[in-house]
Amino acid sequence: MFYFFLTLVGVVLLAASGNPDLTEDAAAKLSSGGEYLTMYSDYVPELSSAPLTRRSLRDVTDTDQVYLDHAFKAVGENVTEEQWLPHYIDTQGYISLCLRLDFKEERVVTGQDISDALAFFTASARDLQQGLIGETHFSWTQPVKVGLFGIAHTSNVTFEGLTAEQNATLKFQNTEARCPASCSRFLNKKTVKDLKIEGRSHDFPSCKEKRSNPDFPVNQYDLNLWYSDYSFGESNTSVAAGGAWGVRMLWQNRDSASLYYHLVGRAAGLPNGESWPLWLEWWAIKPWSIVASTYHYPLSSSSEFYDFDIMMLRRLWQMSPVK
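Described in the following lines is the structure provided in the data block. This one's a predicted model, so the numbers in the text were calculated from it and none came from an experiment. (Residues numbered from 1 in each chain as written. Predicted model: local features only at pLDDT ≥ 70, side-chain atom pairs only at ≥ 80, totals over all residues. Heavy atoms only, no water.)

## Comments concerning the packing of aromatic side chains
Aromatic ring pairs are reported here in terms of the distance separating the ring centres and the angle at which the planes meet.
Right, on to step 1. Enumeration according to the criterion identifies 12 aromatic pairs in this entry.
Right, on to step 2. Between Tyr227 and Trp251 the ring centres are 5.2 Å apart and the planes differ by 85°, which places this aromatic pair in the edge-to-face class. A residue pair is termed long-range when its members are at least 10 positions apart, and Tyr227 in strand E6 (residues 223-228) and Trp251 in the loop between strand E8 (246-250) and helix H9 (257-267) qualify at 24 residues. Grouping residues by exposure puts Tyr227 and Trp251 together as buried.
Right, on to step 3. Among the aromatic residues, those joined into a ring-pair cluster are Tyr67, Trp276 and Phe308.
Right, on to step 4. The cationic tip of Lys104 hangs over the ring face of Tyr230; the distance from NZ or CZ to the ring centre is 4.2 Å.
Right, on to step 5. Over the aromatic face of Tyr88 sits the side chain of Arg185, whose NZ or CZ is 5.6 Å from the ring centroid. (Phe/Tyr/Trp six-rings, centres within 6.5 Å; stacked < 30°, edge-to-face > 60°. Helix = DSSP H or I, 4+ residues; strand = E, 2+ residues; numbered from the N terminus. Buried < 20%, exposed > 50% of the residue type's maximum accessible area, 1.4 Å probe, protein only. Lys NZ or Arg CZ within 6 Å of the ring centre and 35° of its normal.)

## Re helix H4 (residues 85-92)
Right, on to step 1. Burial analysis of H4 places eight of its eight residues in the buried class, which makes it a mostly covered element.
Right, on to step 2. Within H4 the residues assigned to the buried category are Leu85, Pro86, His87, Tyr88, Ile89, Asp90, Thr91 and Gln92.
Right, on to step 3. After H4 finishes, the residue Gly93 shows a positive phi value of roughly 85°.

## With respect to the environment of Val239
Right, on to step 1. Turning to its location among the elements, Val239 is positioned in the loop between E6 and strand E7 (240-243).
Right, on to step 2. For the pair Val239 and Met249, spaced 10 residues apart in sequence, the C-alpha to C-alpha distance is 5.7 Å.
Right, on to step 3. Discounting residues that sit within four places of it in the chain, Val239 has contacts with Phe232, Arg248, Met249 and Leu250. (Contact = heavy atoms within 4.5 Å.)

On their own, these measurements won't tell you what the molecule is for.
Shown next, in the form of C-alpha cells:
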C-alpha cells in the first residue's frame, strides 16, 4: 500500500510538472486516479515535401544519462547486422507497407480511412527520420515516402470510395489478412549490405507480385500496418503492439496520433520502457517518453517523439555495427 501511494504521488507529480504538453483535462483525469485508454486526434497530419532538417534537442541531463544507461545496458548484444526501420529510410528513401485489415465483423473501409492511416504513419516516420538526420552515416534528408505494397483483408471487409491508386493496389483476401510471406522483408531478412546497391533496387526474386505504380515500383513490403477489430496477443488482451515486423492496433484506435508514435518508435527499435522504475536514483525521475510507460503516451497532447525518445534513437543508431 505504501509503495502504491508513492507511485501514485510520483505519477501525479509527473502529470503536474514533467510533461509540458499535457492538457489540463488529461492532467486532471490522471491526478484524480482516472485512466485514459486512448487520446483520439481530431485532425489528420498535413504532410510536406520540403527537405527535412535535423531535430534539435535539449541538453542531456544527468537523469537522462541514468535512464539511457539503464535502457541500453542489455541492448548491445542484441544489435545485429540485420536491417531495421531507420536503415529502410536511409538506404531506400521509402517504406513499403502491407496494410492488413484483420476483421472478424463486417466493416466498410473507405479510401479516406486508408489515406488517413498512411498519413498518421508517415508523419511519425518522418519525425523519426528528423531525429537521425546529421548522425554519422545517416544521409537521407528528403521526406521518406510511405506507400502500400498491398492490402490484405478478410472476407468481412467491403471497400468504398477508393482512389484510383488504391483500386490498383494489390489485394489479398484470406482468413488471416496476410500479404505473401515471400514478399516480406522482415521474414526474408535482407542484410544492410544487400540494401546498399546501385539504384536502390531491392527486388525479392521469390516474390511474384509486382506493383504497377511507377512512382513506387517495389515488389516487397518492409512492415505490416495491421488493424484488428478484436484484442490479440498470448492472452487475447492486447490492443496495440509494435516491433521489427511492423505495428498493430485496434481499428477503433486508428485516429490516435500518439499511439502511432508509440508503435513506430517500437518498430524503430526503441526499448520497451514500460517496466522501467519510476526512480532510478532519488533525484532521477523517469523522463517523459512515448515508449516508456502506459501512462505516458495516451496523455500526450503533442504528436511527436519526446526529446528522450530521440536521445535513445541516436544512441541505438550509434550502437548499430552496420551503417
